[in-house]
Amino acid sequence: MSASARSRSVALVLSLVPGWGHVYWGREAQGLGLFTLFALAGFALLNGLFIYIGSARSLVIALSSVLLLASIVGSWIDILRATSPGRLKALEAERDKALREGTVAYLRGDLKAAIDLFEGCVRRDPGDVEALFRLGAVCSRSGESRAAQAWLRRARKQDLDEKWAWEVERELERLKKAAGAAPAPGESHARKQPERSPA
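Calculation criteria
Residues numbered from 1 in each chain as written. Predicted model: local features only at pLDDT ≥ 70, side-chain atom pairs only at ≥ 80, totals over all residues. Heavy atoms only, no water. Helix = DSSP H or I, 4+ residues; strand = E, 2+ residues; numbered from the N terminus. Areas by Shrake-Rupley, 256 points an atom, 1.4 Å probe, with all protein chains shown as cover. Core = buried A, V, L, I, M, F, W, Y, C linked by side-chain atoms within 4.5 Å. Buried < 20%, exposed > 50% of the residue type's maximum accessible area, 1.4 Å probe, protein only. Contact = heavy atoms within 4.5 Å. Axes fitted to C-alpha atoms, helices over the stretch in contact; angles between N-to-C directions. Parallel < 35°, antiparallel > 145°, perpendicular 65-115°, else oblique. Left-handed = near helix turned anticlockwise from the far one by under 90°. Nonpolar A, V, L, I, M, F, W, Y, C, P; charged D, E, K, R; others polar. Expected span 1.5 Å × (residues − 1).

*Asks:* Got a minute to help me understand the overall build of the protein chain in this structure?
*Replies:* Scanning the protein chain from terminus to terminus reveals nine helices and zero strands. Ordered by position in the sequence, the α and β elements of the protein chain form the string α-α-α-α-α-α-α-α-α. A total of about 12,800 Å² of accessible surface is found on the protein chain, and carbon and sulfur atoms cover 62% of it.

As C-alpha cells, this is what we get:
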C-alpha cells in the first residue's frame, strides 16, 4: 500500500500502541523496534511493581517507566512528523521527479541509473506499486531476472486495487517465456531455438 492510499487518522489511532502506526505506514523495521521497546519496558515495569523485591526495585521501576513513556511519546511524535501533509507533499514531489528521471534514464539506455532512481522511490515508500513495477521491468531488461521477479511479485502483492495487475502479469509472463527459451547449462548456442516473431 502506497503512502497516498494510507490514512493519517488510522496511523495515529494505531500509534496508541507504539510501533503499530509505523507498520501500517510501511515502516515495518522501525515499527517493530518501537513495539519491542514498548513491550520490554512494560514487562520490566510490571515485574518491578509486582514481582521483583530486590534492592534495585526502585531503579527498575524508574528506568522501565522512563523507557515506556519514551516509546509512547517518541512513537507519536515520529508518526505525526511522518504523516504531516507538508512532508507527504514534499515526498510525493521527490517521488514524481525520481520516476520521471528514471524513465528518461531507461529510454536513454542507462539502466543502472534507472534502477538506482526507482530503488530510491521504493526505499522512501516500500508500497509504491508503480516504482516496484518499473524497477522490475528495468531489472528484466538488464538481464537480472531473479531481481525482476522479486520486484514484480512485490508489486503484485502491494497492488490491492489491481491498477497495475495487467502490466505486472505481462512482465512476469515475459520473464517466464524468456527463462523457458534460455539454453540449458552446457548447451551450445547453435542449438538455441530462434525467437518467434510476435503474433
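Now that the structure is up, let's keep going.
*Asks:* Explain the nonpolar core here, please?
*Replies:* Buried together is how nonpolar side chains tend to be arranged in soluble globular proteins. Counting 22 residues, the largest nonpolar core has Phe-118, Val-122, Leu-135, Cys-139, Trp-151, Leu-152 and Val-168 as its most contacted members. Per-element accounting of this core gives the leading share, seven residues, to helix α7 (residues 129-141). If we skip the residues at most four places from it in the chain, Cys-139 touches Ile-115, Glu-144, Ala-147, Ala-148 and Trp-151.

*Asks:* I'm lost on the packing of helix α5 (residues 85-107) against α7 in this one. Help?
*Replies:* A packed helix pair is summarised by two numbers, namely the angle formed by the two axes and the spacing between the axes. At a minimum axis distance of 11 Å, the contact between α5 and α7 shows a crossing angle of 20°. In terms of orientation, α5 lies roughly parallel with respect to α7. Our pair here, α5 against α7, has a crossing hand that is left-handed. In this structure, α5 contributes Arg-95, Leu-99, Thr-103 and Tyr-106 to the contact, and α7 contributes Glu-130, Ala-131, Arg-134, Val-138 and Arg-141. Of the residues that constitute the contact of α5 with α7, the class distribution is four nonpolar, one polar and four charged.

*Asks:* Sorry if this is basic, but what is going on with helix α3 (residues 28-50) here?
*Replies:* Think of an α-helix as 3.6 residues a turn; residues three or four steps apart then line up on the same face. The end-to-end C-alpha distance of α3 is 32 Å, a good match for the 33 Å that 23 residues give at a rise of 1.5 Å each. Listing the buried residues of α3 in full gives Gly-31, Leu-34, Ala-41, Gly-42, Leu-45 and Gly-48. Against the buried residues of α3 lie α2 (20-24) and α4 (57-82).

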